[in-house]
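So the chains spell out like this:
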Amino acid sequence: GREMPPADDANPKQLSHVFVTRFNLPTPGPESLVRAQEGWLRSRWELFCRYTVPSMRAQTCQEFDWLIYFDTESPQWLLNGVASHEEERLYRAIFRTSVTSADLLKDIVDVVRNPGARLLTTNLDNDDGLALNFVERAVDTTVTHPRAAVYFVNGIIRSNDRLYRRTDRNNAFCSVIEPWERALTCWHDWHILLGKHMPVVEVEGPPAWLQVVHGTNVSNRVHGTLVDPDEVRSELGSLVDDVRHPGKRRIIGDRFLYAPARLLRDRLRAAAKAALLTIGGEEGLDRLKEVAGKAKR
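The structure contained in this document is the topic of the report that follows. As the structure is a prediction and not an experimental result, all values here were calculated from the model.

### Quick notes on the nonpolar core
Grouped together as the largest cluster of nonpolar side chains are 35 residues, with contacts concentrated most on Phe19, Trp66 and Tyr91. The set of elements that each furnish at least two residues to this core consists of β1 (11-22), α2 (40-57), β2 (65-71), α3 (76-87), α5 (134-140), β6 (148-152) and β10 (200-203). Considering each element in turn, this core owes the most residues, 6 residues, to α2. Setting aside residues up to four positions removed in sequence, Trp66 forms contacts with Phe19, Thr21, Phe48, Thr52, Val53, Met56, Leu90, Tyr91, Arg92 and Leu124. Tyr69, Ile108, Val112 and Tyr151 belong to the second-largest nonpolar core, a separate cluster that totals 24 residues.

### Looking at α2
In this model, α2 (18 residues) spans 24 Å end to end at C-alpha, consistent with the 26 Å of a helix rising 1.5 Å per residue. At Phe48, α2 shows its strongest bend, of approximately 40°. What α2 keeps buried is the set Trp40, Leu41, Arg44, Trp45, Leu47, Phe48, Tyr51, Thr52, Val53, Pro54, Ser55 and Met56.

### Focus: the sheet that holds strand β12 (residues 225-227)
Strands sit in the order β5-β11-β7-β8-β12 across an open sheet of 5 strands; the sheet is mixed. Only two strands of the sheet have a single partner each, and these edge strands are β5 (129-130) and β12. Where β5 lies against strand β11 (residues 209-213), 2 bridges are found, and the strand directions are antiparallel. Counterpart to Leu130 in the pairing with β11 is Trp209.

Rules and cut-offs
Residues numbered from 1 in each chain as written. Predicted model: local features only at pLDDT ≥ 70, side-chain atom pairs only at ≥ 80, totals over all residues. Heavy atoms only, no water. Core = buried A, V, L, I, M, F, W, Y, C linked by side-chain atoms within 4.5 Å. Buried < 20%, exposed > 50% of the residue type's maximum accessible area, 1.4 Å probe, protein only. Helix = DSSP H or I, 4+ residues; strand = E, 2+ residues; numbered from the N terminus. Contact = heavy atoms within 4.5 Å. Expected span 1.5 Å × (residues − 1). Bend = angle between axes of the 7 residues up to and from the residue. Pairing = 2+ DSSP bridges.

Here's what the structure looks like:
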């Protein structure tokens, strides 16, 4: 592997933007219960090919690199699919049983094609999509701190053929911008906890991401307010091509009846989660998710 890019080689105005994705990397805790279920991997691959891959292909700015971690025990059909993506140089697939912070940094250094003065890492889950101009907006974000976590707070949740406008101030599409030296990356902590380690920059504006709610999610559910696909087509393109128009009556009903009920539920859950983190820490939250995971089986 290469050393960190020397300062005189790096374009001082340029960022090295690297997306990082865990595909089926073995993880302890509640998610391992779900990942062990029959069919999880195939349905996740379908979602990845339907939402994640097209949204990366369609980015208005292609100045990024993408690392995806796969389990060394991945089945042959998955290896074949990965090989076809790698042929078009869409991402770098890395097969591991685990990834340490040091591993991640070394892999980032190896994958970066155009070293910039600073590193921008963005977490991307394997069942979600990005707005067409996500990369463009991320690179253009003004950050005055040496290191900061960046969140695009507005996005869209897709559940079946319904779309919901959502504001989430510490969402999973988190980025960290920082110097190369002693970089922490966006995987330094849970996306909801990065603010414990560095300043946070919240970026408002049009929807920047699409989160897909489906049967194999561990902890995602519908949030926000029902929206017509035409309102977000300019941001999300083909990701919303097959979404039905809900009609004005349904949108109005959702706004005044269902959305407030979801908001109340979310606030109660957030308060309970914060209390659990305070009392039991991350392990306590993991235990609760594990119980929920077993209950869903």
